[in-house]
Amino acid sequence: MAGATPRDRAVRRGPGELESEILATLWATDRPLTPAEIQACLRGGLAYNTVHTILRRLHDKGLVLRDADGRRGAYRPVKNAAQLTAEAMHRALARGPDPIAALQHFVTGLTSAQEAALRELLDASGT
């Protein structure tokens, strides 16, 4: 496009980044949102069709539900951010050849606050 500046062009996102942004938008509210509402929350000049396509992909992956009650075409997340992160961590441990070594490396990278929280969780679970 002649005369267009970099600010005029849509921001190029990395793989999965748009899905993450849409999920974050859904997690930030306590009600289902329509594609148009999500589009209004996101930056980067996204087309409505792009947002709708990403929502369909998230639905196909089982990450969002389309709200059948009330508002037509509104979406809500199936799980919260902490649940999805925990599932990703479990999958990563299951894929590796040595999950204990992976846990050791993970724990050595924790901040002191994260380490204290982990100790509290382990103590509370009786481990």
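What counts, and where the lines are drawn
Residues numbered from 1 in each chain as written. Predicted model: local features only at pLDDT ≥ 70, side-chain atom pairs only at ≥ 80, totals over all residues. Heavy atoms only, no water. Helix = DSSP H or I, 4+ residues; strand = E, 2+ residues; numbered from the N terminus. Buried < 20%, exposed > 50% of the residue type's maximum accessible area, 1.4 Å probe, protein only. Contact = heavy atoms within 4.5 Å. Areas by Shrake-Rupley, 256 points an atom, 1.4 Å probe, with all protein chains shown as cover. Expected span 1.5 Å × (residues − 1). Arc of directions from axis to C-beta. Core = buried A, V, L, I, M, F, W, Y, C linked by side-chain atoms within 4.5 Å. Patch = residues over 30% accessible without salt bridge, like charges linked within 9 Å, V, L, I, M, F, W, Y side chains within 5 Å. Salt bridge = Lys/Arg side-chain N within 4 Å of Asp/Glu carboxyl O. Polar contact = N/O pair within 3.5 Å; in protein donor to acceptor, adjacent residues only side chain to side chain.

## Focus: the overall build of the chain
Reasoning step 1: Within the chain one finds 6 helices and 2 strands.
Reasoning step 2: Scanning the chain from its N terminus toward the C terminus, one meets helices and strands in the order α-α-α-β-β-α-α-α.
Reasoning step 3: A burial count over the chain gives 21% of its 127 residues as buried.
Reasoning step 4: Looking at the chain alone, contacts between residues at least 24 apart form 46% of all its contacts between residues at least 6 apart.
Reasoning step 5: Carbon and sulfur atoms provide 55% of the accessible area of the chain, an area that totals close to 9,300 Å².

## Considering the environment of Pro-35
Reasoning step 1: Structurally, Pro-35 can be placed in helix 2 (residues 35–41).
Reasoning step 2: For Pro-35, a relative accessible area of 4% translates into the label buried.
Reasoning step 3: Taking the C-alpha atoms as reference points, Pro-35 and Tyr-75, separated by 40 residues in sequence, lie 7.8 Å from one another.
Reasoning step 4: Not counting residues up to four positions away in its chain, the partners in contact with Pro-35 are Tyr-48, Val-51, His-52, Leu-55, Gly-73 and Tyr-75.

## Quick look at helix 3 (residues 48–60)
Reasoning step 1: Counted at 1.5 Å a residue, the expected span for helix 3 with its 13 residues is 18 Å, and the 18 Å between its end C-alpha atoms agrees.
Reasoning step 2: Restricting attention to buried positions, one finds in helix 3 the residues Val-51, Ile-54, Leu-55 and Leu-58. Each buried residue of helix 3 lies within a common arc of 100° when the element is viewed along its axis, so the set occupies one face. With respect to the buried face of helix 3, the exposed residues turned more than 90 degrees away are Asn-49 and Asp-60.
Reasoning step 3: On the buried face of helix 3, the contacting elements are helix 1 (17–27), helix 2, strand 1 (64–67) and strand 2 (74–77).
Reasoning step 4: Of the residues flanking the end of helix 3, it is Gly-62, one or two places downstream, whose phi is positive at about 80°.

## Regarding the nonpolar core
Reasoning step 1: The biggest cluster of nonpolar side chains holds 15 residues, and the ones touching the most others in it are Ile-22, Leu-26, Ile-38, Leu-42, Val-51 and Leu-55.
Reasoning step 2: Broken down by secondary-structure element, the contributors of at least two residues to this core are helix 1 and helix 3.
Reasoning step 3: With sequence-adjacent residues up to four places away left out, Leu-55 is seen in contact with Ile-22, Leu-26, Pro-35, Ile-38, Val-64 and Tyr-75.

## Points about a nonpolar patch on the surface
Reasoning step 1: A cluster of nonpolar residues, Met-89, Ile-100, Leu-103, Phe-106, Val-107, Leu-118 and Leu-122, forms a patch on the protein surface that exposes about 560 Å² of accessible area.
Reasoning step 2: For the nonpolar patch, the secondary-structure elements that each account for two or more residues are helix 5 (99–108) and helix 6 (112–124).
Reasoning step 3: Per element, the largest residue contribution to the nonpolar patch is 4 residues, and it comes from helix 5.
Reasoning step 4: Along the chain, the position of Met-89 falls in helix 4 (residues 81–95).

## Brief notes about helix 4
Reasoning step 1: Under the 1.5 Å per step criterion, the end-to-end length of helix 4 is 21 Å for 15 residues, consistent within 8% with the ideal 21 Å.
Reasoning step 2: Among the residues of helix 4, the N-terminal cap falls to Asn-80, whose side-chain oxygen and the backbone nitrogen of Ala-82 are separated by 3.0 Å.

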